[in-house]
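The lines below spell out each chain.
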Amino acid sequence: MPKITYVAVDGNQTTIDVPEGTSVMRGAVFNDIDGIVAQCGGNMQCATCHVYVDETTLDKLEPPKEREDEMLDFTACPRKPNSRLSCQLKSSDALDGLIVHTPERQN
Amino acid sequence: MTDRTQPDSVVVVGAGQGGYQTAASLREHGYEGSITLISAEDALPYERPPLSKAYLKGEADEAMLWLRPATYYVRQSIDLVSGTVTEIDPAARSVRLADGSAYGYGHLVLATGATPRTLDVPGKELRGVHTLRTAQDAVALQASLAGARRAVVVGAGFIGLEFAAVAREAGVEVTVVEALDRPLARVVSAPTAEHFTWLHRSNGTELLFGRGLKALHGDGRSNVTAVELADGSRLPADLVLIGVGVTPRTELATAAGLEVDGGIIVDAQLRTTDPHISAIGDCAAFPQVRSGNRRRLESVQNAVGHAQAVAGRLAGSPRAYDELPWFWSDQFATTVQIAGFNEGHETEVVLGSDPDAFSVLLFRGDDLQAVESVNRPADHLAARRLLTQGTDLTPAEAAAPGFSLRTYLRSLAERGTEAPVAL
Ligand SMILES: Cc1cc2nc3c(=O)[nH]c(=O)nc-3n(C[C@H](O)[C@H](O)[C@H](O)COP(=O)(O)OP(=O)(O)OC[C@H]3O[C@@H](n4cnc5c(N)ncnc54)[C@H](O)[C@@H]3O)c2cc1C
Ligand code: FES
């Protein structure tokens, strides 16, 4: 099963198995990983599932689609080139080893 | 945790969006008392929006609807009880369940939601006639849809239209019958409504406005076969979805002597007329910050926001609930998002020249009430920020050529009149 690593602001790391097709957001919420609020439940309405993808694993992802891209301009913490909405990142073999950093706050 | 007014136990009736969030937010606030979450549904707390969208299309399984896995409730010491509360005893501060068991409470939160309205017409009990509120309803509807050829949707509200879109995409012939003269009449402005009329018609759905229902007809095996309209015309149908709104579940509150008027009456802190009982979400009629008018709203944001406010108060940090309402709906590939609450507008300003992607700003005098965005997510988020921080934007300014919500928001931040926003 693809493994995803979540790094908190304090450097605390958690690696979990996220079943294929499950989003990186849901992987966190279902494993009590703090730092992702996901107010809208993954419906691309809230931008409170913002993560910074570790530069070393950025190449595992396709670039964001237009709507995600627009929403990323409204995250609570500043947008960076490696910003993504974790509800739009679906786990797959390609994502195995992905590392994401959760931001300081989501809203 | 030093606040002496904190109740030692919280019982929540209803484990939907609001009930779940109350329990979760109490623990997030460090509340250490006991939490009992009572659910009439035989399922882990789940979200409803996908029931008329991804779940209905078969794109999500049941576990994808869950707000949290079962282990969460154990880890957080949230006692998830399955059963229906039949009675509140406000004097003894306890609730009784259908199976006779009883739970005492320090504070009680009513998060009972709403039930779909039914139409009082002959034939409403025929097989193939549905309403949609629960996961169970969605499973039944999905099964009907799999064998359906002609669906009739009664009511062009959000749920009716979302279902109509899914049915159409599944290759079913769809007719929507609406008593008023346009879709979503009570919830969106005319330009947005017009867009949705176009969207559904261009996807091959028939929309009939200003038409009432007289009866549903069935065959010898009690399967629905036709819908008869008030004018006597008949529409063949093997599936009927009744989407004519909901009734708040207030019966427990009424029986307990709480004030109820089109919803459980609560104050700005979401307290009912009994100080030991709060009500939240779809069942609660609460005062709007801006107008003071009491309203009931039906949205995820509203249920979550109410729950967070009540949990905060019970955990020792009381505040008046003043969150901006927002809502969304997906139909075909189109998303409409609404920020704010329109209490009756006088001016509409449409932004964007693309007929498929625009926003409608609704003003009452110079007061921006709400913004409806069709396929313009950035406008929606900008509008949420603007309406939350308060704005003196006038209709004339908004109508100026080249006006953009995002640029306007940025200019406010640059002028330093508002807290800087990440843009
Ligand atoms: C099909 C559908 C699609 C939707 N789509 C959207 C959308 O796209 N965007 C959006 O913002 N909102 C949407 N909504 C609305 C949103 O889901 C509701 O506003 C929200 O669920 C309200 O939360 P609640 O906690 O007040 O009520 P509910 O989520 O309805 O929860 C109430 C719970 O209380 C239980 N209950 C009631 N009485 C008792 C009792 N006596 N004892 C025990 N339990 C009891 C009920 O069984 C139910 O499980 C949709 C709703 C539906 C039905
Ligand atoms: S969870 Fe709301 S946008 Fe991702």
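Residues numbered from 1 in each chain as written. Chains lettered and ligands numbered in written order. Predicted model: local features only at pLDDT ≥ 70, side-chain atom pairs only at ≥ 80, totals over all residues. Heavy atoms only, no water.

This paragraph deals with the site of ligand 1. Residue and element names in this part refer to chain B. Close to ligand 1 lie 33 residues; Gly-18, Glu-41, Lys-53, Arg-133 and Asp-282 are nearest. In this structure, Asp-282 approaches ligand 1 through a side-chain N or O atom, which is 2.7 Å from an oxygen atom. Residue Val-300 places a main-chain N or O atom 3.0 Å away from an oxygen atom belonging to ligand 1. Computed on the free molecule, ligand 1 has an accessible area of 1000 Å², of which 96% lies beneath the protein chains in the complex. Secondary structure elements with two or more residues in the shell around ligand 1: helix H1 (17–28), helix H8 (300–314) and strand E22 (326–331). The element best represented in the shell around ligand 1 is H1, accounting for three residues. Considering only residue class, the shell around ligand 1 consists of 14 nonpolar, twelve polar and seven charged. Shared between two domains, the shell around ligand 1 takes at least three residues from each, and those domains are domain 1 (9–113 + 249–315) and domain 2 (116–245). (Near = heavy atom within 4 Å. Polar contact = N/O pair within 3.5 Å; in protein donor to acceptor, adjacent residues only side chain to side chain. Areas by Shrake-Rupley, 256 points an atom, 1.4 Å probe, with all protein chains shown as cover. Helix = DSSP H or I, 4+ residues; strand = E, 2+ residues; numbered from the N terminus. Nonpolar A, V, L, I, M, F, W, Y, C, P; charged D, E, K, R; others polar. Domains from an automatic or database assignment.)

Turning to the domain arrangement of chain B, a few remarks are in order. Many descriptions give the size of an interface as the accessible area lost when the pieces come together. Residue and element names in this part refer to chain B. The assigned domain composition of chain B is domain 1 (9–113 + 249–315), domain 2 (116–245) and domain 3 (333–414). On a C-alpha basis, the centroid separation for the pair domain 2 and domain 3 is 32 Å. Every contact between the two is made by eleven residues of domain 2 and, on the other side, 13 residues of domain 3. Across the domain 2 to domain 3 interface the summed buried area is about 860 Å²; carbon plus sulfur atoms make up 67%. Considering only the side of domain 2, the residues that lose the most area to domain 3 are Ser-189, Pro-191 and His-195, jointly responsible for 46% of the buried surface there. (Contact = heavy atoms within 4.5 Å. Buried area = accessible area lost by both parts, 1.4 Å probe.)

Residue and element names in this part refer to chain B. Within the secondary structure, His-380 sits in helix H9 (residues 377–389). Along the primary structure His-380 and Ile-338 are separated by 42 residues, whereas in three dimensions their C-alpha atoms are 7.1 Å apart. Among all residues touching His-380, those that are not within four sequence positions of it are Trp-326, Phe-327, Gln-337, Ile-338, Ala-339 and Ser-373.

Counting residues at the interface gives 21 residues for chain A, matched by 25 residues for chain B. Across the interface of chain A and chain B, roughly 2100 Å² is buried in total on both sides, 51% from carbon and sulfur atoms. Per-residue buried area on chain A facing chain B is highest for Phe-30, Gln-45 and Phe-74 of chain A; these three make up 35% of the total on that side. Joining chain A to chain B, the criterion identifies four salt bridges. (Salt bridge = Lys/Arg side-chain N within 4 Å of Asp/Glu carboxyl O.)

What follows is about the UniProt feature "domain: FAD/NAD(P)-binding" (unreviewed entry) in chain B. Here, UniProt's "domain: FAD/NAD(P)-binding" (unreviewed entry) annotation points to residues 9–307 of chain B. Between the C-alpha atoms that bound residues 9–307 of chain B there is a distance of 16 Å. The span itself is 24% helix and 28% strand. (UniProt positions renumbered as here; feature names shortened; annotations may be inferred.)

Before going further, it helps to spend a moment on the UniProt feature "domain: Reductase C-terminal" (unreviewed entry) in chain B. Under the UniProt annotation, "domain: Reductase C-terminal" (unreviewed entry) lies at residues 326–408 of chain B. Annotation note: span residues 326–408 of chain B, helix share 27%, strand share 45%, distance between end C-alpha atoms 20 Å.

A few words on the nonpolar core. Ile-88, Val-95, Leu-108 and Leu-110 of chain B are the most contacted members of the largest nonpolar core, which totals 49 residues. In terms of residue count, H8 of chain B provides more of this core than any other element does, five residues in total. Met-25 and Met-71 of chain A together with Leu-368 and Ala-398 of chain B belong to the second largest nonpolar core, which has 48 residues in total. (Core = buried A, V, L, I, M, F, W, Y, C linked by side-chain atoms within 4.5 Å. Buried < 20%, exposed > 50% of the residue type's maximum accessible area, 1.4 Å probe, protein only.)

Let us look at the pairing of strand E16 (residues 239–242) of chain B. Residues and elements named next belong to chain B. Neither face of E16 is open: one carries Leu-239 and Leu-241, the other Val-240 and Ile-242, and all of them are buried. By the bridge criterion, two bridges tie strand E9 (residues 129–130) to E16 in an arrangement that is parallel. If you follow Val-129 over to E16, its bridge partner there is Val-240. (Pairing = 2+ DSSP bridges.)

As a further point, take the environment of Pro-50 of chain B. Residues and elements named next belong to chain B. Position of Pro-50 among the secondary structure elements: in the loop between strand E2 (34–39) and helix H2 (62–65). Taking the C-alpha atoms as reference points, Pro-50 and Val-10, separated by 40 residues in sequence, lie 29 Å from one another. Not counting chain neighbours up to four residues away, the residues in contact with Pro-50 comprise Tyr-55, Leu-56 and Leu-65.

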